[in-house]
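Listed here are the chains, written in short residue letters.
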Amino acid sequence: MKNISIIAAIGKNYELGKDNKLLWHLKGDMAFFKEHTMNKYIVMGRKTFESLPKMLSNRKYIVLTRQNHELNDDIIVMHSIEELIKYIYEHDEEFMIIGGENIYRQLLDYADKIYLTKIDDEKNADSFFPRFNENEWNCSVLDNKEENKIKYKHLLYEKK
Ligand SMILES: NC(=O)c1ccc[n+]([C@@H]2O[C@H](COP(=O)([O-])OP(=O)(O)OC[C@H]3O[C@@H](n4cnc5c(N)ncnc54)[C@H](OP(=O)(O)O)[C@@H]3O)[C@@H](O)[C@H]2O)c1
């Protein structure tokens, strides 16, 4: 089954975020994120959920937490990776894992694809994307972009 995809944007040092916020706000990357998550399940950790400024429309939310958080009725709350994987394997759709670090680390081994935006910049960070063995993946460049003098590229890794 090929339905687990990770999507992330990282800096030169694999930086993801700081103080539960994103490090860059690149319009072209937001558009890429929207294109690849629209009408799909998006899976995130509770901290990433809390970091989002608003509910993203036309996406089916799954939020992972070990606590009894009261969330909106439209959100599926799950309490373990096992529960999530069982649910994913019962549904023949693409699930987009949208972060953050904690969730990427636990789900990288299950992923079939990684949509990775590599940003040619570095920033102070407290969360990082896990290093992974590039030899296990086929990589293609989907696009090269530049915004506010920052160069970045969208890569697609597909598990060999
Ligand atoms: N650059 C990017 O593409 C990108 C994307 C997403 C996020 N980010 C950044 O990443 C940072 C947040 O990452 P993070 O690692 O701190 O937090 P996170 O992965 O978003 O959320 C962690 C939380 O998820 C829950 N959780 C984790 N594993 C679980 C499991 N096995 N079962 C049930 N619940 C589980 C726990 O919630 P409870 O504490 O409620 O139990 C845990 O505290 C922020 O700075 C954010 O801006 C960046």
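What this report covers is the structure whose coordinates are included nearby. Residue numbers here run from 1 along each chain, matching the order of that chain's written sequence. For a predicted model such as this one, the threshold for reporting local features is a pLDDT of at least 70, and the threshold for listing and counting side-chain atom pairs is 80 or more; totals across whole chains, interfaces and linings nevertheless cover every residue.

**Details of the overall build of the chain**
- Check the secondary structure of the chain and you find four helices and 11 strands.
- In terms of overall size, the chain behaves like a compact globule, its C-alpha atoms giving a radius of gyration of 15 Å where 160 residues would be expected to give roughly 15 Å.
- Considering only C-alpha atoms, the chain reaches an extent of 40 × 35 × 25 Å along its principal axes.
- Exposure criterion: with C-beta atoms placed from backbone coordinates, a residue whose C-beta has 20 or more other C-beta atoms within 10 Å is buried, one with 12 or fewer is exposed, and one in between is partly exposed. Across the 160 residues of the chain, 30% fall into the buried class.
- Partitioning the contacts of the chain with sequence separation of at least 6, the portion at a separation of at least 24 is 69%. In this text, helices come from DSSP runs of H or I with a minimum length of four residues, and strands from runs of E with a minimum of two, each type numbered from the N-terminal end. As defined in this context, the radius of gyration uses C-alpha atoms, and a globule is described by 2.2 Å times the residue total to the power 0.38. Contact between residues is assigned whenever the C-beta positions, reconstructed from backbone atoms, fall within 7 Å.

**Overview of the site of the ligand**
- Around the ligand, 28 residues are found, and the nearest of them are Gly-17, Gly-45, Gly-99, Gly-100 and Asn-102.
- For the shell around the ligand, the secondary structure elements donating two or more residues are strand 1 (4-10), strand 2 (15-18), strand 3 (21-22), strand 4 (41-45), helix 2 (46-51), strand 7 (95-99) and helix 4 (101-107).
- By the convention adopted, Pro, Cys, Tyr, Trp, Phe, Met, Ile, Leu, Val and Ala count as nonpolar, Lys, Arg, Asp and Glu as charged, and the other residues, Gly among them, as polar. A breakdown of the residues in the shell around the ligand according to their chemical character gives nine nonpolar, 14 polar and five charged. Only the C-beta atom matters for this test: placed from the backbone, it must lie within 6 Å of a molecule or strand for the residue to be near it.

**Points about the environment of His-36**
- Along the polypeptide, His-36 turns up in helix 1 (residues 27-37).
- What makes His-36 partly exposed here is the crowd of 19 C-beta atoms within 10 Å.
- In this structure the C-alpha to C-alpha distance between His-36 and Tyr-115, which are 79 residues apart in sequence, comes to 8.6 Å.
- The contact partners of His-36, leaving out residues within four places of it in the chain, are Ile-7, Met-96 and Tyr-115.

**A short note on the pairing of strand 2**
- Across two bridges, the pairing between strand 2 and strand 9 (residues 127-128) is antiparallel. In the strand pairing of strand 9, Glu-15 is matched with Phe-128.
- Here the rule is simple: two strands pair whenever DSSP picks up at least two bridges between them. In the sheet, strand 2 pairs with strand 3 via two bridges, with the strands oriented antiparallel. Along strand 3, the bridge assignment pairs Lys-18 with Lys-21.

**Comments concerning the nonpolar core**
- Joining buried Ala, Val, Leu, Ile, Met, Phe, Trp, Tyr and Cys residues through C-beta atoms within 7 Å gives a set, and that set is a nonpolar core. Counting 34 residues, the largest nonpolar core has Ile-6, Ala-8, Val-43, Met-96 and Ile-97 as the members making the most contacts within it.
- Considering every element that reaches this core, the biggest residue donor is strand 1, with six residues.
- Apart from residues lying up to four places away in sequence, Ile-6 is in contact with Ile-97, Tyr-104, Leu-107, Leu-108, Ala-111, Ile-114 and Tyr-115.

**A short note on the sheet that holds strand 5 (residues 60-64)**
- Sheet architecture is open: eight strands sit in the order 6-5-4-7-1-8-11-10, paired in mixed fashion. If you trace the sheet from one side to the other, it starts and ends with strand 6 (76-78) and strand 10 (137-147), each paired once. If you compare each strand with its neighbour and ignore which way they point, the axes differ by 20 degrees on average.
- The pairing of strand 1 with strand 7 spans three bridges and is parallel. Looking across to strand 7, one finds that Ile-4 is bridged to Phe-95.
- Helix axes use the C-alpha atoms of the stretch in contact, all axes being lines fitted to C-alpha atoms, and the angles between their N-to-C directions lie in the range 0 to 180 degrees. Those strands touched by helix 1 are strand 1, strand 4, strand 7, strand 8 (113-119), strand 10 and strand 11 (150-159), and its axis lies near 175 degrees from that of strand 1.

**Some remarks on the sheet that holds strand 2**
- If you walk across this open sheet you meet the three strands as 3-2-9, and the pairing is antiparallel. Both outer strands of the open sheet, strand 3 and strand 9, are each paired with one neighbouring strand and no more.

**Re the pairing of strand 10**
- The element strand 10 is largely exposed, with a buried count of zero among its 11 residues.
- Bridging between strand 10 and strand 11 involves 10 bridges; their strand directions are antiparallel. Paired with Trp-137 across the bridge in strand 11 is Lys-159.

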